[in-house]
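Listed here are the chains, written in short residue letters.
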Amino acid sequence: MALHPLAQYLDQVPDFPKPGILFSDISPLLKSHFNETIDALSELFSEEEWASIDCLAGIESRGFIFAAGLAYKHNKGFIKVRKPGKLPNVCASIAYGLEYGSDALEMQKGDGSRVVLLDDLIATGGSMGAAAELCEKVGYEVAGMACVVDLVALNQFRYKDMPVRSVIQLED
Ligand SMILES: O=P(O)(O)OC[C@H]1O[C@H](OP(=O)(O)OP(=O)(O)O)[C@H](O)[C@@H]1O
Ligand SMILES: Nc1ncnc2[nH]cnc12
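Residue numbers restart at each chain and count upward from 1, following the sequence in its written direction. Naming scheme: in the order in which they are written, chains are lettered from A and ligands are numbered from 1. Only residues with pLDDT of at least 70 get local features here, since the model is predicted, and only at 80 or more are side-chain atom pairs given and counted; chain-wide, interface and lining totals rely on the full set of residues. Each side-chain value is worked out from all heavy atoms of the structure, with water and hydrogens disregarded.

Named according to an unreviewed UniProt entry, the protein chain is Adenine phosphoribosyltransferase originating from Thiomicrorhabdus heinhorstiae. UniProt positions are given in the numbering used here, feature names are shortened, and annotations may be inferred rather than shown by experiment. Here the protein chain is described in UniProt, under the heading Subunit (unreviewed entry), as follows: "Homodimer."

Novice: How would you summarise the sheet that holds strand S4 (residues 77-81) if you had to cite specific residues and measurements?
Specialist: Strand-to-strand pairing in sheets goes through backbone hydrogen bonds, with the strands running parallel or antiparallel. A pair of strands counts as paired when DSSP detects no fewer than two bridges linking them. Strands are runs of DSSP state E lasting at least two residues, helices are runs of H or I lasting at least four, and both sets are numbered from the N terminus onward. The 5 strands are arranged S4-S3-S7-S8-S11 in an open sheet whose pairing can be described as parallel. Since the sheet does not close on itself, it has two edges, and those belong to S4 and strand S11 (165-170), each with one partner. Neighbouring strand axes in the sheet, compared pairwise and without regard to direction, differ in orientation by 25 degrees on average. Of the pairings in the sheet, the one linking strand S3 (residues 55-59) to strand S7 (residues 114-122) comprises 4 bridges and is parallel in character. Paired with alanine 57 across the strands is leucine 117, a residue of S7. In the packing of helix H1 (residues 27-42) onto the sheet, contacts are made with S7, strand S8 (141-151) and S11, and the angle to S8 comes to roughly 140 degrees. By the convention used here, residues are in contact when the closest approach between their heavy atoms is within 4.5 Å. Every angle, taken between N-to-C directions, lies between 0 and 180 degrees, and every axis is a line fitted to C-alpha atoms, over only the stretch in contact when it is a helix. Sheet strands touched by helix H4 (residues 126-138): S3, S4, S7 and S8. Its angle to S7, the strand with the most contacts, is close to 165 degrees.

This is the structure in structure tokens:
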């Protein structure tokens, strides 16, 4: 598959934040092509799908940027999936591993809304998987998952047979 034109605005940084990690930095993309990136994420879902979605859930911190942009574009609510110790009235938390470490995510109680989970990038799928599990644990229905960049070599991630949709697929 041809590389999406927005891929040229990613900066590939070797050995960050740890030796051996090739970090895909979205900073140039955010600075010059934010609207185009939100539009490309939006097109990953059909009009019918958007009509059936209640909220966008962003995974702290880079996921917040895209979930908030899409929430505004589609006039939907925004839900925070936060790192530990930041949210009051936490309903549940979950520990997970990611490409360069481990962490935990926390959420407040859900209300049965249908949510789409958003992040900037999927590497091992640890963060997205934990967030999806947590959404269901606190009482949301996961209607979809999406990110800007999929590091395809690092994951074959599925949550309950649901793929993570992505704008840019980086093969290596
Ligand atoms: O698929 P995975 O192996 O889980 O890696 C992907 C996650 O790693 C990064 O988050 P990070 O925890 O570095 O937080 P940040 O968004 O605050 O930079 C990125 O934003 C994803 O959430
Ligand atoms: N290689 C990578 N680049 C940017 N963010 C990441 N999060 C996890 N792995 C990453």
